[in-house]
Amino acid sequence: EWGTVFRSLSNGESWQPLETGYEGSFFGVLFNPVSNSVFAYGLRGTVYRSRNGGETWEPLQSRAPASLLGALGTDKGTLIFVGQGGMASISQDDGDSFTLLPQPSRVGIHGIAPMVDGRYMVTGDGGSRVLVSNTAAGSGPAPAYTEAAQ
């Protein structure tokens, strides 16, 4: 609560709170191994980034109109944040800019995981669904996701 993020430098034996400057709720954190940035995300589309191991944090403009509940970072550094109302916000530049993706439904998404064939499995209010990225398949210049045929 109150924008607090905790960090352990002792393999989880002890934890220290880190001040982010945010007074709302975070629901998760995401590490980008390509840039070594850490992201905290949550209430009302809030995303904060630290580029120095949590010492300082900066707010980002996720463009998400609702709470972010899950996130995924790809091995190429693409970040996908998902949440309420079935929305997803994607960044391909370590959070410097975001594209709000059109979604096939408004059912809330709570988690996202990659599949081996370029598709993504998402879970949420409507159970599990498989989404296909047009960028993963190379079929379009703008990121978009559609439900895969079952």
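This section reports on the structure supplied with the text.

Parameters and conventions
Residues numbered from 1 in each chain as written. Predicted model: local features only at pLDDT ≥ 70, side-chain atom pairs only at ≥ 80, totals over all residues. Heavy atoms only, no water. Pairing = 2+ DSSP bridges. Helix = DSSP H or I, 4+ residues; strand = E, 2+ residues; numbered from the N terminus. Axes fitted to C-alpha atoms, helices over the stretch in contact; angles between N-to-C directions. Buried < 20%, exposed > 50% of the residue type's maximum accessible area, 1.4 Å probe, protein only. Polar contact = N/O pair within 3.5 Å; in protein donor to acceptor, adjacent residues only side chain to side chain. Contact = heavy atoms within 4.5 Å.

A few points about the sheet that holds strand E4 (residues 37-42)
Pairing is antiparallel in the open sheet, where four strands are placed in the order E3-E4-E5-E6. One side of each edge strand has no neighbouring strand; the edge strands of this open sheet are strand E3 (26-32) and strand E6 (58-60). Put simply, the sheet's adjacent strands are angled 30° from each other on average, direction ignored. With four bridges connecting them, E4 and strand E5 (residues 47-50) associate as antiparallel partners. Within E5, the residue paired with Tyr-41 across the bridge is Val-47.

Looking at the side chain of Ser-91
One can find Ser-91 in strand E9 (residues 88-91). Take Ser-91: its relative accessible area is 0%, and that puts it in the buried class. Here the side chain of Ser-91 touches Asp-93 through a polar contact of 2.9 Å, side chain to side chain. For Ser-91, the side chain forms a polar contact with the main-chain nitrogen of Gly-95, separated by 2.8 Å. Once you skip the residues sitting within four places of it in the chain, Ser-91 turns out to touch Gly-77, Thr-78, Leu-79, Asp-96, Ser-97 and Phe-98.

Let's talk about the sheet that holds strand E8 (residues 79-83)
In space, the four strands of this open sheet follow the order E7-E8-E9-E10, with antiparallel pairing throughout. The sheet is open, and its two borders are formed by strand E7 (68-73) and strand E10 (99-101), each paired with just one other strand. Taking the axes of each pair of neighbouring strands and ignoring which way they run, one obtains an average angle of 25° across the sheet. Across four bridges, the pairing between E8 and E9 is antiparallel. For Ile-80, the partnering residue across the bridge sits in E9 and is Ile-90.

Re the environment of Pro-114
Structurally, Pro-114 is set in strand E11 (residues 109-114). For Pro-114, a relative accessible area of 53% gives the class exposed. Measuring from C-alpha to C-alpha, the distance between Pro-114 and Thr-74 comes to 8.3 Å, with 40 residues separating the pair along the chain.

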